[in-house]
Amino acid sequence: MDEWDIASADRSLQVGARHHTVPAFYLRRFANPNEQLWVQDRRSPKGGLRKTADLAIKDFYTFINVEGEPDGRLEQLLTRVEGPAASALRRATSSVTWGSPVPAQDHADIALFVAFQYTRGPRRRRELEVMSDLYMRLVQLNEPVHGGRREVEVYRAQLREFRELEFAVHPNVHLSMLSPLAQKLYPYFAARPLSVVELTAGALVTCDEPVAAFHENGNPAPVLAPARQRVRTRRRQGTRKARRATLFHVQKAGHHGLALADQIAMPVGRRTLIVFGDPETSLPSHVRLTPNESMKAAEELNRRLIEQAYFCAFSHPEDRHLLAQPLPALGPLFHLGGTRPEDGRIAANPLSHPRPQLFGRK
């Protein structure tokens, strides 16, 4: 990515604009000549044709800066990440350069783009909101150990209140973490060999969470069983007392970790995908699958992407049959282990709403 003086950038630029959580250049790789996609949206009763320009959310990346003003520089930063990545993907998937090693700079630009894509979507923001809400519940819902009737009544009132109310964090929290988190994830992509895979049969879909990590066992590790940890307290009256604290294990649902993944895949066209392989092995820069291999690969990747779609899944209009069914129900964003019964009841409540907080909206 080119050097950019963020301090002198125009802060008002892109404020009030529609921001793509999945870049427009990426969506166009699945669109027809009229820049139309077939979209299956869980917020609509059935799928339909949509223009790539319409698949955006107003002010999704607008934040409040330290002067208390709306600021659009994050959207500008994302644009500067997308530009080199778009050029790198064009070169890597071109028939002219097919079979040639992907240059190191193109590999780096694609890796940075994928790292940002993994962190920038509405699911990631909603996960952060749910996690913050869960943290507040677990911190606040501490049953009084030696309390009297009044303390117990207050505690039970808290339980009732938390069933109806939700602790909401400002969108700034997600936006402030987006770039640092993407930069921390970048090495996990950059260190892996990159392969461009072309299908000779079938077709691929994509979604608003298009980065898929695959593990050999197919499933993430189970959440931990309830556990207790001995915690030492300060000395009181010449003795040191000890107590035990409950440990909680929070695991993201529906996603597999990146660090230990055998492969990380992302579709970049109707019949093209990129694969980040195991860092300890080598991959050919380009692979063209047989028809049988293509159908199997498309079925596996499409199933994963449809499962992990948050709001929308997309396909070329000619491939709408791949999105003929509504998206599967959106389950919990996290699985929990080690919770007490009262915490577990609250944490297990269904997601009150999938839409994350947006600038200027409540």
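Data block above holds the structure.
Calculation rules
- Residues numbered from 1 in each chain as written.
- Predicted model: local features only at pLDDT ≥ 70, side-chain atom pairs only at ≥ 80, totals over all residues.
- Heavy atoms only, no water.
- Helix = DSSP H or I, 4+ residues; strand = E, 2+ residues; numbered from the N terminus.
- Buried < 20%, exposed > 50% of the residue type's maximum accessible area, 1.4 Å probe, protein only.
- Contact = heavy atoms within 4.5 Å.
- Areas by Shrake-Rupley, 256 points an atom, 1.4 Å probe, with all protein chains shown as cover.
- Core = buried A, V, L, I, M, F, W, Y, C linked by side-chain atoms within 4.5 Å.
- Expected span 1.5 Å × (residues − 1).
- Pairing = 2+ DSSP bridges.
- Axes fitted to C-alpha atoms, helices over the stretch in contact; angles between N-to-C directions.
- Salt bridge = Lys/Arg side-chain N within 4 Å of Asp/Glu carboxyl O.
- Phe/Tyr/Trp six-rings, centres within 6.5 Å; stacked < 30°, edge-to-face > 60°.
- Lys NZ or Arg CZ within 6 Å of the ring centre and 35° of its normal.
- Parallel < 35°, antiparallel > 145°, perpendicular 65-115°, else oblique.
- Left-handed = near helix turned anticlockwise from the far one by under 90°.

## Examining the overall build of the protein
Broken down by element type, the protein carries eight helices and 17 strands. For the protein, buried positions account for 44% of its 362 residues. Sequence separation of 24 or more characterises 81% of the internal contacts of the protein that already satisfy a separation of 6 or more. Split by element, the accessible area of the protein, about 19300 Å² in all, is 53% carbon and sulfur.

## With respect to the nonpolar core
In terms of nonpolar packing, the biggest core is built from 54 residues, with Leu37, Ile110, Val114, Phe189, Ile264, Ile274 and Phe276 touching the most fellow members. With nine residues, helix α2 (residues 73–93) is the single largest residue contributor to this core. Excluding anything up to four places from it in sequence, Val114 contacts Phe189, Val211, Met266, Ile274 and Phe276.

## Brief notes about helix α7 (residues 291–308)
The end-to-end C-alpha distance of α7 is 26 Å, a good match for the 26 Å that 18 residues give at a rise of 1.5 Å each. Along α7, the residues classified as buried are Ser294, Ala298, Leu301, Asn302, Arg304, Leu305, Ile306 and Gln308.

## Thoughts on the sheet that holds strand β13 (residues 263–269)
The sheet built from five strands is open, its strands ordered β9-β13-β14-β7-β15 with mixed pairing. Across the chains shown, the open sheet's two edge strands, defined by having one partner strand only, are β9 (212–214) and β15 (286–288). Within the sheet, the average angular offset between the axes of one strand and its neighbour, ignoring direction, is 25 degrees. As paired elements, β13 and strand β14 (residues 272–276) share five bridges and run antiparallel to each other. Residue Met266 lies in a different strand from β14, and its bridge partner there is Ile274.

## Regarding the pattern of salt bridges
Per the counting criterion, the structure on display carries twelve salt bridges. We note a salt bridge from Arg73 to Asp71, for which the minimum N-O separation is 2.8 Å. Linking Glu127 and Arg123 is a salt bridge whose minimum nitrogen-to-oxygen distance equals 3.2 Å. Highlighted residues: Glu127 and Arg123, both in helix α4 (residues 122–140), separated by four residues, approximately one helical turn. Assigned by exposure class, Glu127 and Arg123 land together as buried. What emerges from the salt-bridge pattern is a single network uniting Arg123, Arg124, Glu127 and Glu209.

## Considering the pairing of β13
Counted residue by residue, β13 has six buried out of seven residues, so it is predominantly covered. As consecutive antiparallel partners, β13 and β14 are separated by two residues.

## Regarding the pairing of strand β3 (residues 48–51)
Along a regular strand, successive side chains alternate from one face of the sheet to the other. Where strand β2 (residues 36–41) and β3 come together, four bridges link them in antiparallel fashion. Looking at β3, one finds that Gln36 is bridged to Lys51.

## What about the packing of aromatic side chains?
Tallying each qualifying case throughout the model produces five aromatic pairs. Ring plane angle 50 degrees and centroid distance 5.4 Å describe the contact between Phe25 and Phe113, whose orientation is recorded as tilted. Of the two residues, Phe25 is situated in helix α1 (residues 24–28) and Phe113 in helix α3 (residues 104–119); the sequence distance between them amounts to 88 residues. A relative accessible area of 14% means that Phe25 is categorised as buried. The ring of Phe311 carries the charged tip of Arg43 above its face, separated from the ring centre by 3.9 Å. In this arrangement the basic side chain of Arg304 is found over the ring face of Phe214, its NZ or CZ atom lying 4.4 Å from the centre.

## Structural notes on the packing of α2 against α3
Look at α2 against α3: their axes get within 8 Å of each other, and the N-to-C directions meet at 130 degrees. Classified by the interaxial angle, the pair formed by α2 and α3 is oblique. Helix-helix and strand crossings are classified by hand; for α2 and α3 the assignment is left-handed. Between α2, through Leu78, Val81, Pro84, Ala85, Ala88, Leu89 and Arg91, and α3, the contact on the second element is made entirely by Asp106, Asp109, Ile110, Leu112, Phe113 and Phe116.

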